[in-house]
Amino acid sequence: MEKAETIRYKATIAYDGTNFSGFQIQPNERTVQGEVEKALKTINKDKFIRIHPSGRTDSGVHARAMVFHFDFPRSIPKEGLFRAINVLTPADISLYHLEEVAQDFHARYHAVGKTYTYRVDNQKIRNPFTRNHVLHHPYSMDIERAQLALDVLVGTHDFTSFCSTKTDKEDKVRTIYKATVERDETTQEWVFTFVGNGFLYNMIRIIIGTVLAIADGRREIAIMAEILEAKKRGAAGPTISPKGLYLEEVHYDREKLKTPEKIRDNR
């Protein structure tokens, strides 16, 4: 059996989303996909290479581990391709992992879940060095109120209330396995963590906008269940800034994703 003319690669990159108009390619805009494909085209002697991501992130959203796949000629060894991509992509993108995968692997369709975090600076004075990577919310907040609100979301629900009306998805049912908040004692930031089988357009940003209002006392804890039940975007809080949002991991192992220690008890 003849070897395929191309090799399918699975790539994992990190990027600072501050100066990107999101991940997905857009005409006349600087995007992560555009920069990566530009680098691959140069490596491939001016022949275009399309990448296929596990998903997409909006303008200003960051990623520590975005996954995509692409097919590339066998002419360059993997180690050389890895180095070349890192040399030719800009400083706000880094390729961390590159591996050969089966020809039928698909970064999007084979993904079974994702982990996101959202970081909030709760100090009175904003930190100028984290202004593009953390939301500054200087109001008094109660972490227990925040966690009780998040607990309502764990499980399988219709998340219409927490989804932008601009979405192209008709099915708004998603499963959240974990929704927690902790204080990072080093940075004094609140770190919200979400693990789910998928997330709708602006879903986490709307959840955060709602939870912050509960945590600082503007809304009651009980309203979270009412918002979920309403299935109306207007019932939830605002779509909060993208700058505190990070894609942390794309999951491909369904059993590992659903292990008991990753699922918060929602009783």
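Scroll up to find the structure this text is about.
Residues numbered from 1 in each chain as written. Predicted model: local features only at pLDDT ≥ 70, side-chain atom pairs only at ≥ 80, totals over all residues. Heavy atoms only, no water.

Caption draft 1: Representation of the side chain of Ser54 within the structure. Counting through the fold element by element, Ser54 comes out in the loop between β2 (52-53) and β3 (62-73). When near neighbours in sequence (up to four residues on either side) are disregarded, Ser54 contacts Met66, Val67, Phe68, Ala107, Arg108, Lys114, Val250 and Tyr252. (Helix = DSSP H or I, 4+ residues; strand = E, 2+ residues; numbered from the N terminus. Contact = heavy atoms within 4.5 Å.)

Caption draft 2: Summary view of the packing of helix α4 (residues 203-215) against helix α5 (residues 223-230). Axis separation between α4 and α5 bottoms out at 11 Å; the angle between their running directions is 150 degrees. When the axis of α4 is compared with that of α5, the two are roughly antiparallel. α4 and α5 meet at a crossing whose hand is right-handed. The residues of α5 that touch α4, namely those facing Ile207, Thr210, Val211 and Ile214, are Ile223, Met224 and Ile227. (Axes fitted to C-alpha atoms, helices over the stretch in contact; angles between N-to-C directions. Parallel < 35°, antiparallel > 145°, perpendicular 65-115°, else oblique. Left-handed = near helix turned anticlockwise from the far one by under 90°.)

Caption draft 3: Layout of the packing of helix α3 (residues 143-151) against α4. Packing of α3 against α4 leaves a shortest axis separation of 8 Å and a crossing angle of 140 degrees. Judged by the inter-axis angle, α3 sits oblique to α4. Regarding α3 and α4, the two cross each other, and that crossing is right-handed. Contact residues: Arg145, Ala146, Ala149 and Leu150 in α3; Ile207, Val211, Ile214 and Ala215 in α4. When the residues that make up the contact of α3 with α4 are grouped by side-chain class, the tally is 7 nonpolar, no polar and 1 charged. (Nonpolar A, V, L, I, M, F, W, Y, C, P; charged D, E, K, R; others polar.)

Caption draft 4: Expanded view of the nonpolar core. Counting 67 residues, the largest nonpolar core has Ile13, Leu40, Phe70, Phe162 and Phe192 as the members making the most contacts within it. Top element by residues in this core is α4. It accounts for 9 residues. (Core = buried A, V, L, I, M, F, W, Y, C linked by side-chain atoms within 4.5 Å. Buried < 20%, exposed > 50% of the residue type's maximum accessible area, 1.4 Å probe, protein only.)

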